[in-house]
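Geometric and topological summary
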Amino acid sequence: MTHCFLQIALDTPLNAVFDYRWEGESAQRPQVGQLALVPFGTREVVGLIVAIRDSSDVPADKLKDALAVRTQLAPLSPQWIALAGFAAEYYQRPLGEVALPGLPKNLRVTTTVALDRAIKKLAKLTDTHDPTPVDMPTLNPEQQAAADAIGAAQGFTPTLLYGVTGSGKTEVYLQACAQVLAREPDGQILILVPEINLTPQLEANIRARFPGVMLATLHSSLSEGERMLHWLAAHQGQARIVLGTRLAILASLPHLKLIVIDEEHDPSYKQQEGLRYSARDLAVWRAWQLKIPVVLGSATPSLETWHHALAKRYRKLELRQRAVSQATLPAVKLINLEHDKPRDGLTQPLIDALKLRLQRGEQSLLFLNRRGYAPVICCESCGWISDCQRCTAFMVLHKGEHKLRCHHCSLEMRIPRHCPTCGNIDLQPLGRGTQRVEEGLQAMFPEARILRIDADSTRRKGSAQEAFDTVHRGDVDILIGTQMVAKGHDFKKLTLVGILNPDTALFSHDYRASERLFAQLMQVAGRAGRTAQTDGGSPSEVLVQTRYPEHPLYGAIVRHDYDRFATALLAEREQAGLPPYLYQAMLRAEAPELAKALEFLAAARDCVPHEGITINDPIPMSMTRVYNVDRAQLLVESPSRPALQAFLKEWMTRLREMKSRVKWSLEVDPVDI
């Protein structure tokens, strides 16, 4: 018999590990990294063994026995535990709140039925690993140089792959992966994408290129059984390529040799609830920890990444030309809405361009980042507008469903037959969403095959991929979409992009708004002209409808000049003292009454001395009320990251000691202010 004490991390807000007693056969002595079933309060929960001791400081009468250890599962590696530990320390969360949610749910249940089933299923698969790629296309010189540089990289080598849209970054990734898999017999590769709807296209490309390599996918649309199976294949080293969204950065990969972050600039890499981590930043730290290369790919890199590249902390590889020979970047033209008045949201030059593509059998894309039929309905007699009763937001008109819906709290109500205030029956929609544009196009071009892709039209599982497959087959003439269609998709027949109503982001209070708008417009513009112009075909073009054609941002879009735009924006940030020249954290508070939230933040501001740290005054959030809860925020800033981290550690200790019924959370490196 062996006797020891297990220190176990549990998924609880308490910032501590918990001691449990273990007695069992010597051959079955637990190991660090294994999962254990333990009693906690009145429940039985699964925790992670992070240390094993011969003694405990906890009084013997208060110690409880661990109930079982998941011996059928190989222990999580010390490197994985260190990754979870770093994330917990940097983002100011308990270790258990990072490590346990990073595992599949079926590993955290009290029974082992799902785990045993997955292990048996994987054991039946023959592990005939053959990394030989098939159908390798010839790269252009820029692509080949980039693929060779990435494939040959040794040690921690952070690389920015900066390539224009359509420059073949995906092909560079695949050929670099082929080199790594050929060199590392047991090596694993992690490829991250920002959104779930980008995984099917890339997954198909990887499977076609590496038919002898097991591929695992990890994202939130998988069923719990599927996620368990794919996670286990990665943990056991059977899956040599793992493709996933941000949650995949916390996957167990014992033989990881390369990390690729596609569209690294995308805000979707930042988790916005629970542990608010940046998958991109954790990927770079994980590569540093394991001394392996990491690739950050984008046509519009984030300013943080661009700053690192300019400072030579990241190596920069450039792809300045499109991968398909004779495929050129689209011509960008600005349509002044002050001169060309729109009809059904479309100006005459855009209507003429759509007609021309229909005549030539080519595809067009209209981009409008606003779903629904109209953002609001109003009464022109008394001024009533469709406010949400629970949020400081409007209820959006969804005409086809005959409903008003709040996109923040999901409150729904029937469209009123008359004005609730004055009784006027003539209620009017204000503004345009994708549904209203679709309706106008159907009336304008009754013979056209029109498809709308947004969060409303793709609610059913698999419906987004069905819609994109329809576009790829050429069964769509005009595609209308939100940001879902803006990046990563390779539409072969698409020669026209129309951008509707982009101006609102020009006047946002968020200092990142212009950076995001530029990236979004460059990405959606890049959907056009990805193949060579056919004989008698249309040249690819992008038409932007705007009231501010003289704005410098649109000038940079017309020139496809990210370099100058990013450099100018960095200079503004440095002068204003904003990231990446400053480090920030955001304390948010929620309460039934705004005064309570502000009162808590004011107390938090004064509870710890903060020399060298700037703590701004508490203010209401721009979206103050959501689901009958008022929200406020407190911004903390410092020019020194270590100084900010040291302050936050002490501050969090004091905040946890404060007795308050206010719900609060801390976000390090906030992306929405």
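As a starting point, this report considers the structure included with it.

**Thoughts on the sheet that holds strand β19 (residues 412–414)**
A sheet is described by the order of its strands in space; here three strands give the open sequence β17-β18-β19, paired in antiparallel fashion. In the strand order of this sheet, the two ends are held by β17 (396–398) and β19, each with one partner. The mean inter-strand angle of the sheet, taken between neighbouring strand axes irrespective of direction, is 30°. Pairing geometry for β17 and strand β18 (residues 403–405), over three bridges, is antiparallel. Bridged to V396 within β18 is R405.

**Brief notes about the pattern of salt bridges**
Per the counting criterion, the structure on display carries 34 salt bridges. A salt bridge links E171 to R209; the shortest N-O distance between them is 2.6 Å. A residue pair is termed long-range when its members are at least 10 positions apart, and E171 in helix α5 (residues 169–183) and R209 in helix α6 (residues 199–209) qualify at 38 residues. Here the two residues E171 and R209 agree in accessibility, since each one is buried. A network of salt bridges, in which partner residues are shared, links K270, R276, R588 and E667.

**Considering empty space enclosed by the protein**
According to the stated counting rule, one finds one cavity of 30 Å³ or more in the structure shown. Of all the elements in the fold, those that place two or more residues in the lining of the largest cavity are β7 (158–163), α13 (513–525) and α15 (562–576).

**Details of the nonpolar core**
In this structure, L190, I249, I259, L587 and W651 are the most contacted members of the largest nonpolar core, which totals 79 residues. The element best represented in this core is helix α1 (residues 78–90), accounting for seven residues. Beyond its immediate chain neighbours, meaning those up to four positions away, I249 contacts L83, L190, L192, Y277, A279, L282, A283 and R286. Judged by nonpolar contacts, the second largest core, of 41 residues, contains V332, L553, Y562 and L569.

**Here we look at the sheet that holds strand β6 (residues 68–69)**
Within the open sheet, the six strands sit side by side as β5-β2-β1-β4-β3-β6. Their pairing is mixed. The two strands at the open ends of the sheet, each matched to only one other strand, are β5 (64–65) and β6.

**Regarding the side chain of E362**
Here E362 lies in the loop between α10 (348–359) and β15 (363–367). Given a relative accessible area of 8%, E362 falls into the buried group. For E362, the side chain forms a polar contact with the side chain of T495, separated by 3.0 Å.

Conventions adopted
Residues numbered from 1 in each chain as written. Predicted model: local features only at pLDDT ≥ 70, side-chain atom pairs only at ≥ 80, totals over all residues. Heavy atoms only, no water. Pairing = 2+ DSSP bridges. Helix = DSSP H or I, 4+ residues; strand = E, 2+ residues; numbered from the N terminus. Axes fitted to C-alpha atoms, helices over the stretch in contact; angles between N-to-C directions. Salt bridge = Lys/Arg side-chain N within 4 Å of Asp/Glu carboxyl O. Buried < 20%, exposed > 50% of the residue type's maximum accessible area, 1.4 Å probe, protein only. 1 Å grid on protein atoms, 1.4 Å probe; cavity = no way out; pocket = protein on both sides within 12 Å on 5 of 7 lines; lining within 4 Å. Points joined across faces, edges and corners; volume = space filled by probe spheres on them. Core = buried A, V, L, I, M, F, W, Y, C linked by side-chain atoms within 4.5 Å. Contact = heavy atoms within 4.5 Å. Polar contact = N/O pair within 3.5 Å; in protein donor to acceptor, adjacent residues only side chain to side chain.

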